[in-house]
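Examination of the molecular architecture
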Amino acid sequence: MKVLQILPSLEVGGVERGVIDLVRAMRHRGLHSVVVSSGGSLVGDLQKIGIPHYTLPVHRKSVLSLMQIPKLIEIIQRERVDLVHARSRVPAWLAWFATRCTGTPFVTTCHGYYSNHLLSRIMGWGKRVIVISRIVGRHMIDDFGVAPDRIRLIHRGIDLAQFPFLAPENKKRASLPVIINVGRFSPIKGQVEFLKAIHQLRRRIPRLEVWLVGSEGKGKTKYTKQIQETLRQFGLESCVKLLGTRRDIPELIAKADLLVLSTLVPEAFGRVIVEAGAVGTPVVATRSGGVLDIIDHNENGLLVAPGDVHGMADAMQRLLTEPETVGRFVRSLRQKAETHFALDKMVRETIEVYEEAQRKKKILIVKLGAMGDLILGTPSLRMIRQKFPEAHLALMVDKNLAPIVSPSPYLDEIIPVDRARFSHFKYLRKVASILRKEKFDISVDLQNTKWTHLLAFLAGIPERFGFRRGKFGFLVNRHDRSYDIIDAPVRHQFRILSKLGIKELDEELELWPDPAAENRVDAMLKKEEGQPDSKLIGLAIGSSLQWPTKRWPVESFKELALKLTQRYRCRIVLVGSNDDADTAGQFMQESFPGYLNFVGKTNHQDLVSLVKRLDILITGDTAPLHVAAAVKTKAIALFGPTDPRRHMPPGHGLSVLSKHLPCQPCYEGICRQEEQLACLKRISVEEVLETVRKQLET
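First things first, this report covers the structure right here in the doc. (Residues numbered from 1 in each chain as written. Predicted model: local features only at pLDDT ≥ 70, side-chain atom pairs only at ≥ 80, totals over all residues. Heavy atoms only, no water.)

Okay, helix α3 (residues 69-78) next. What α3 keeps buried is the set I69, L72, I73, I75 and I76. The buried side chains of α3 occupy one side of the element, clustering within an arc of 160° when seen end-on. Away from its buried face by more than 90 degrees, α3 exposes P70 and Q77. Against β1 (2-6), β2 (32-37), β3 (53-55), β4 (83-86) and α4 (89-102) lie the buried residues of α3. Of the residues trailing α3, R80 is marked for its positive phi of about 55°. (Buried < 20%, exposed > 50% of the residue type's maximum accessible area, 1.4 Å probe, protein only. Helix = DSSP H or I, 4+ residues; strand = E, 2+ residues; numbered from the N terminus. Arc of directions from axis to C-beta. Contact = heavy atoms within 4.5 Å.)

Structure below.
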């Protein structure tokens, strides 16, 4: 595995030192790294351990920074990078665009408590979002909308071998107690409040030495001047030393008698606190942010409210005058550092995230057709699961049909939508926004409409598989152009799956009957009179309202029902929706021994259980035909305006009757021929009876 780390610079800092530690440790484990930054004093450390570094201006908050994207793509491809890890906002934007082009997994680490604006949003777009404290994780979930299943908490780790612990009683003490405060010079870091607390402390402990480590950064002096003015105002120039930016912070902390973290806002973590605990220096910190992951008040350190000058002075006094308390605190904090904040633990958990991001793909399968279309998609679900056994598979399906596939063992998630509203762009955009937060790696479009093509693109899914069809077909970037070539339905879908590397076709349809529906149908059948051992022959007498041309004439169904009951010991079961109630009423005008009317009395799950109990189903090209194929019920399909080569489901015990007239297939909901519905009317009752006979004999 080769991971590209991208960050603004490699100047001295907690993030930068953490990256150096990580890539060094990864190298010892035989894993490779590449680092991209704008450069800095730590580049030499990378060169010493043989880690390639590319210098690019990835730190500039400017639109011109987008010009670095082609260079970054070139680096990813040249170095054969397996994963990109971004650690700051501008580098993350550049890395995100580059990985969209290369198909490389993208991971982020949130090192800060980011303000909620557009520039920061990118930090929540990683396939996995690493957070360095619980408060940062909560912030990314609550304020940035990152799905909890993409969050990974990994505390910053330090190489404990470089931080030897020294108990307070064994420390060589300076002539004066030394208090150190480490942090970038900024009003939010609370250095002024810290100095005010030092002023109060000097009244109690007159002889002190204070080290302020940090600076404002290039070209900034406003807060530094405020610090200097505070020193003059309280007469602290003699005891406070401004040490500036230092590379020997661990050594300075080890020499100090007390570390104080005075931040006024939630600190993302607090690496210096862990370093202090590692070497045996006691800690006073403000009660906020990631500090709470490290310091347990009065167990391994002292916490004070942000900005509480008097409370900070009291806490500092206590730890400078109570050696037994200090001894207890530092031993407890060292133990916590070894358990929770060791470099080995951070490296191991980070590598696990890398492996997970590479291995565990998140795949969206889109199947928004009617019930029959959905059933025809079940072999694809199984084949995709077999190809990607560890992937997270989600199926987007019409909300009314979701219960049919919810028991599927191949799916991790069902995303129900209202397919009737997909032509409304506002609704489409809403669904795309929900999908974008899920961060799918792959979409498999088994519906292939202009709306589903557009949806996957708007959802930001990098690899979009499907047929290149219609005006938005160009949005499918892993496409097949053979949509118009006639083939059996599952084989037709398999052309898309083959693009995913699926090589073996498996056509068997599958459904998972609902136990409650099984019980309901059994109860309904028991209520009906008739011989319990007689055969059940189903007649699907209707079709959708959009396809009246798929209906075999009701007179033919009635004649067939009479002859079936005369020739065989059977009961006729009428199957259909509420829309077919009038047609079913015409049967009631006749005398049918054992006639069972289930029209309008079954939901989708009940229909599956009912068809499963039939001996034979006679139907047009409608959903019950596909149900029969899936539950292994014999069926006779009467095809009129549609082509059985395209729509006949695979399965055993299925027969097709079609007249193959010149006008077939027309795919019209209204017959425009002089002889109305000749394609179905010419299928005689005797033909169907003969097919029933053959079915019953096999």
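After that view, the rundown keeps rolling.
Before going further, it helps to spend a moment on the pairing of β2. Of all the six residues making up β2, five are buried; the element is thus mostly covered by neighbouring parts of the structure. Looking at chain direction, β1 and β2 are connected through five bridges and run parallel. Bridging from a neighbouring strand, V3 pairs with S33 of β2. Relative to β3, β2 runs parallel, the two being bridged by three bridges. Looking across to β3, one finds that V36 is bridged to Y54. For the crossover from β2 across helix α2 (residues 43-48) to β3, the handedness is right-handed. (Pairing = 2+ DSSP bridges. Right-handed = clockwise from strand over helix to strand, strands pointing away.)

For the rest of this paragraph, the subject is the side chain of R89. Relative to the elements of secondary structure, R89 occurs in helix α4. The side chain of R89 sits in the buried core without any salt bridge; E16 is the nearest counter-charge, 12 Å away. Here the side chain of R89 touches S120 through a polar contact of 3.1 Å, side chain to side chain. When residues no more than four places from it in sequence are discounted, the contact partners of R89 are K61, Y114, S115, H117, L119, S120, I122 and M123. (Lys, Arg positive; Asp, Glu negative; His and termini not counted. Salt bridge = Lys/Arg side-chain N within 4 Å of Asp/Glu carboxyl O. Polar contact = N/O pair within 3.5 Å; in protein donor to acceptor, adjacent residues only side chain to side chain.)

Further remarks concern helix α21 (residues 554-567). Given a rise of 1.5 Å per residue, 14 residues ought to cover 20 Å, and the 20 Å separating the end C-alpha atoms of α21 matches this to within 8%. In this structure, the buried side of α21 is in contact with β20 (535-540), β21 (570-575), α22 (581-587), β23 (616-620) and α27 (685-697). (Expected span 1.5 Å × (residues − 1).)

Strand order across the open sheet formed by six strands is β16-β15-β14-β17-β18-β19, with parallel pairing between neighbours. The outermost strands of the open sheet, each flanked by one partner alone, are β16 (413-417) and β19 (478-480). On average, adjacent strands in this sheet sit at an angle of 15° to one another, irrespective of strand direction. (Axes fitted to C-alpha atoms, helices over the stretch in contact; angles between N-to-C directions.)

Taken as a whole, this structure holds 48 salt bridges when the rule is applied. Residue E356 pairs with R128 through a salt bridge whose shortest N-O separation is 3.3 Å. Within this pair, whereas E356 is found in helix α13 (residues 343-359), its partner R128 is found in strand β6 (residues 128-131), the two being separated by 228 residues in sequence. Like R128, E356 is buried. It is possible to trace a salt-bridge network through shared partners that takes in R17, D21, R24, R271 and E275.

Now for the packing of aromatic side chains. Remark: the centre distance and the inter-plane angle together describe each pair of aromatic rings, the angle taken between the planes. For the structure shown, the criterion picks out nine aromatic pairs. A ring pair is formed by F422 and Y427, whose centres lie 5.9 Å apart and whose planes are at 65°; its orientation type is edge-to-face. For F422, a relative accessible area of 4% gives the class buried. Three or more aromatic residues link up through ring pairs in this structure, and these residues are W93, W96, F97 and W125. Taking the ring centre of F440 as reference, the NZ or CZ of K362 above it sits at 5.4 Å. The aromatic ring of W547 is capped on one face by K550, whose charged end is 4.7 Å from the ring centroid. (Phe/Tyr/Trp six-rings, centres within 6.5 Å; stacked < 30°, edge-to-face > 60°. Lys NZ or Arg CZ within 6 Å of the ring centre and 35° of its normal.)

Here we take up unusual backbone geometry. Residue P665 is bonded to the preceding Q664 through a cis peptide linkage, with omega at -10°. Backbone geometry at R80 places phi at a positive 55°, although glycine is not the residue there. Locating R80 in the fold gives a position in the loop between α3 and β4. In this structure, N298 is a non-glycine residue whose phi angle is positive, near 70°. Secondary-structure assignment places N298 in the loop between β12 (283-286) and β13 (302-304).

Moving on to the nonpolar core. Ranked by size, the top nonpolar core spans 67 residues in total, and within it L4, I6, V36, L72, M140, I180 and I273 carry the most contacts. Excluding its chain neighbours within four sequence positions, the residues that come into contact with M140 are C110, Y114, M123, G124, V131, G145, V146 and I151. Core analysis: the second largest hydrophobic core is formed by 60 residues, L381, A391, Y410 and A628 among them. (Core = buried A, V, L, I, M, F, W, Y, C linked by side-chain atoms within 4.5 Å.)

What follows deals with the packing of helix α20 (residues 515-527) against helix α23 (residues 604-612). Helices that pack against each other are described as a pair by the angle of their axes relative to one another and the distance between those axes. Two elements in contact, α20 and α23, have axes whose closest approach is 8 Å; the angle formed by their N-to-C orientations is 60°. Between α20 and α23, the crossing angle belongs to the class labelled oblique. Pair α20 / α23 crosses with right-handed handedness. Between α20, through A517, E518, R520, V521 and L525, and α23, the contact on the second element is made entirely by Q605, D606, S609, L610 and K612. Residues that form the contact of α20 with α23 fall into these classes: four nonpolar, two polar and four charged. (Parallel < 35°, antiparallel > 145°, perpendicular 65-115°, else oblique. Left-handed = near helix turned anticlockwise from the far one by under 90°. Nonpolar A, V, L, I, M, F, W, Y, C, P; charged D, E, K, R; others polar.)

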